[in-house]
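# Coordinate analysis (summary)
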Amino acid sequence: MSASSPAFDVRAYVREPVDLRPDQLDLEAMANLPAPVVGAVGHLWSVERTILDLMRDLLVTPTHAEARVTAFLGTWAYEQFWITESLAAVLRPGGEPTDPPDSGVGALRRMWDERVRPTVDAVRTNLLGSDVVAAHMVTGWLNTAVVALAYERLGAIDPRLRPLTAAVAPIKSRHLAFYEDEAHARLSGSAGAIRLARRTVTRWQWPGVRYCGHDAASGPVRTLLADPAARPGVRAVDAGVAALTGQADAAPLRVALGGFVQHSPVGGTVRASTRVQ
Amino acid sequence: MAFNIDRFTRDSVRVNWEDLDLDVFREDPLPAESLRTLRYMCDVEYHTVCYLRDMLVTPSRGEGEVNAFMTMWNREEFWHGEALAHVLDLHGITVSYDELKAKRVKLGWRDRIAPVKQAMLSNIIGKDFVAVHMIWGAVNEWSASAAYKRLAALEGHPALAVLLKRIAAQEARHVAFYATQARQRLEGNRKAQKLARLALSTAWRPVGSGIASDEEVTHVMGQLFGGADGRKEIRAIDAHIAKLPGMEGLTIVSDSLDARGISA
Ligand SMILES: [Fe+2]
Ligand SMILES: [Fe+2]
């Protein structure tokens, strides 16, 4: 795989982690944010803190053997940990942050994810083999790109948060560079990997709705992305995915945002309740 | 031994060696048997992420303090691997990511199915499984800490000794976490105590047994813990274990050495 071997320097990355600690932020300057902004920060906190869930999902699959990827993940988790701590510190004046409650279906999903899915995934993905790694890298890119966009928007919506969002941006850029690089290397020349990645992208959902459902996330998502100013960013994420997976028609973020329209309180969560996984 | 998670996460750093004069190994290399032991320890450290994986499928995950610890712990252990890899590299022994991958792949289905076994077992046992995980972790961290201190003493190489002692100091903090957790979860819980006792006395093997050959395990244990001084360290570990609720009289680490014919 000489032509397509990854170029991202994992050794350099792990050597220089960026730990955004709460004491690096002027928290007082970020106090008294308007309620919708607090809601959006809270949503991001809740999404970012699923660090170990993601690690679990990757590590039970053949991805765990990829020492490059696990080396990256260890430092990624460390950086994510401090981002989460900083977000919590911003939220704390308004009370200790908590995850939104699970929806009815979400509670079932959580039980499934915690008790059954690791087993099912371990067996299923080990049968699929190393093509799974490529799909993981694409998902990693997509999740990171969406969260990075959310921070960018947050900084635009409330300039007081800019010191935070500006500090997070370069951290996310490195994560994106890693995923992009790995995805390119692993997708090139593997029809199976491309097929799996495509399926994963099609099924992708906005991060953090798996347990709480679309209703709980729709407020923050609207705060972050409803403004027409967010559109170029949304398009850029979709274009980035399309470029990764080698299919021009992929638009997972647009599709996922459509899910919030379908899942408006009036429409209920009909579609979501028909499938557990 | 109290453990403060906020202090632990705040102070967690990668072990560093840049200030140490390790380049002397180029002229004055370590003996082959020590390199063999270092290689074994290096593999064990890098393999931590796979132990982490096996734990993440159990109810141990999900509690804030445990999650914070696991994140820092995994990274610290990774850097123990990097530090030892650097020492090995100075001896012309390269441990690359590709090689680590090849090793993990070679472990095959036994390794890939490990999280499945853990998940099923923990689903059956429920929350008491966490106590077993914690005491298991404590025993392994005690062993790691003792191993580094022994190797530092045996080799007597000044720069290496400093590096190994730095690693051992981090292992000691890992001990504090696991032992504190184990004590809390075992105290007053007869069922968890019985389970932990059963697990340790029937299933515990020296750290690295799952990934290295029997021959390697015996070499490493023999080099580090053979003889009177080594056995003293091992008895100290057994004494620590025996002090945890419901573990009176257990001598699993000494027993494992006896079983391998390593003289006291
Ligand atoms: Fe270690
Ligand atoms: Fe340790």
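Predicted model, so just to flag it, every value in this text is computed and none were measured. (Residues numbered from 1 in each chain as written. Chains lettered and ligands numbered in written order. Predicted model: local features only at pLDDT ≥ 70, side-chain atom pairs only at ≥ 80, totals over all residues. Heavy atoms only, no water.)

This brings us to the coordination of the iron ion (ligand 1). Residue and element names in this part refer to chain B. Those protein atoms acting as donors to the iron ion (ligand 1) are E45 (OE), E45 (OE), E77 (OE), H80 (ND1) and E171 (OE), and they sit at 2.0 to 2.3 Å. Counting along the primary sequence, the residues that act as donors to the iron ion (ligand 1) give the motif E-x31-E-x2-H-x90-E. Separating the iron ion (ligand 1) from the iron ion (ligand 2) is a distance of 3.7 Å, and E77 supplies a donor atom to each of them. Taken together, the residues span a long stretch of sequence, with E77 in helix α4 (residues 64–90) and E171 in helix α9 (residues 158–186) at a distance of 94 residues. (Donors = N, O, S within 2.8 Å, 3.2 Å for Na, K, Ca; no water. Helix = DSSP H or I, 4+ residues; strand = E, 2+ residues; numbered from the N terminus.)

On to the side chain of T144 of chain A, then. All names here are of chain A. Along the chain, T144 turns up in helix α6 (residues 131–157). Under the relative-accessibility criterion, T144 is labelled buried at 8%. Leaving out residues up to four positions away in the same chain, T144 has contacts with K172, H175, L176 and Y179. (Buried < 20%, exposed > 50% of the residue type's maximum accessible area, 1.4 Å probe, protein only. Contact = heavy atoms within 4.5 Å.)

Looking now at the coordination of the iron ion (ligand 2). Protein ligation of the iron ion (ligand 2) involves E77 of chain B (OE), E141 of chain B (OE), E141 of chain B (OE), E171 of chain B (OE) and H174 of chain B (ND1), the donor distances falling in the range 1.9 to 2.8 Å. Mapped onto the sequence, the donors of the iron ion (ligand 2) take the spacing E-x63-E-x29-E-x2-H.

This next bit is on the packing of α6 of chain A against helix α7 (residues 162–187) of chain A. All names here are of chain A. Orientation of α6 relative to α7, taken along the N-to-C sense of each, is 160 degrees, at an axis distance of 8 Å. Taken together, the axes of α6 and α7 are roughly antiparallel relative to one another. Of the two elements, α6 crosses α7, and the hand of that crossing is left-handed. (Axes fitted to C-alpha atoms, helices over the stretch in contact; angles between N-to-C directions. Parallel < 35°, antiparallel > 145°, perpendicular 65-115°, else oblique. Left-handed = near helix turned anticlockwise from the far one by under 90°.)

Turning to helix α11 (residues 214–225) of chain B, a few remarks are in order. Residues and elements named next belong to chain B. Between its first and last C-alpha, α11 extends 16 Å over twelve residues, near the 16 Å set by a 1.5 Å rise per residue. For α11, the full list of buried residues reads V217, H219, V220, M221, Q223, L224 and F225. Lining the buried residues of α11 we find α2 (32–46), α8 (128–155), α12 (227–242) and α13 (252–259). Just beyond α11, the residue with positive phi is G227, at close to 80 degrees. (Expected span 1.5 Å × (residues − 1).)

The first and last C-alpha atoms of α12 of chain B sit 22 Å apart over 16 residues, in line with the 22 Å expected at 1.5 Å per residue. The secondary structure elements touched by the buried residues of α12 of chain B are α8, α10 (190–203), α11 and α13 of chain B.

Right, let's talk about the pattern of salt bridges for a bit. Enumeration according to the criterion identifies 24 salt bridges over all chains in this entry. Between D19 of chain B and R166 of chain B there is a salt bridge, and its shortest N-O distance comes to 2.7 Å. Residue D19 of chain B is located in the loop between α1 (5–11) and α2, and its partner R166 of chain B is located in helix α9; the two are separated by 147 residues in the primary sequence. Through salt bridges with shared partners, a single network forms among E66, R68, E182 and R186 of chain A together with K101 of chain B. (Salt bridge = Lys/Arg side-chain N within 4 Å of Asp/Glu carboxyl O.)

Moving on to the side chain of E76 of chain B. Residue and element names in this part refer to chain B. Mapped onto the fold, E76 is located in helix α4. One buried charged side chain, E76, makes no salt bridge at all; its nearest oppositely charged neighbour is R173, positioned 5.3 Å away. One polar contact links E76 to H174, side chain to side chain, over a distance of 2.7 Å. For E76, the contacting residues outside a window of four places in its chain are F8, S12, V13, Q170 and H174. (Lys, Arg positive; Asp, Glu negative; His and termini not counted. Polar contact = N/O pair within 3.5 Å; in protein donor to acceptor, adjacent residues only side chain to side chain.)

What describes a pair of aromatic rings is the distance from one ring centre to the other and the angle between the planes of the rings. One pass over the full model with this rule turns up 21 aromatic pairs over all chains. With 6.1 Å between their ring centres and 45 degrees between their planes, W17 of chain B and W79 of chain B make a pair best called tilted. Residue W17 of chain B is found in the loop between α1 and α2, and its partner W79 of chain B is found in helix α4; the two are separated by 62 residues along the sequence. For the pair W17 of chain B and W79 of chain B, one class covers both residues: buried. Aromatic ring contacts, followed pair by pair, group F3, F8, F69, W73, F177 and Y178 of chain B into a single cluster. Here R21 of chain A stacks its cationic end above the ring of W82 of chain A, 4.2 Å away from the centre of that ring. Between the NZ or CZ atom of R14 of chain B and the centre of the ring of W17 of chain B, over which it lies, the distance is 5.6 Å. (Phe/Tyr/Trp six-rings, centres within 6.5 Å; stacked < 30°, edge-to-face > 60°. Lys NZ or Arg CZ within 6 Å of the ring centre and 35° of its normal.)

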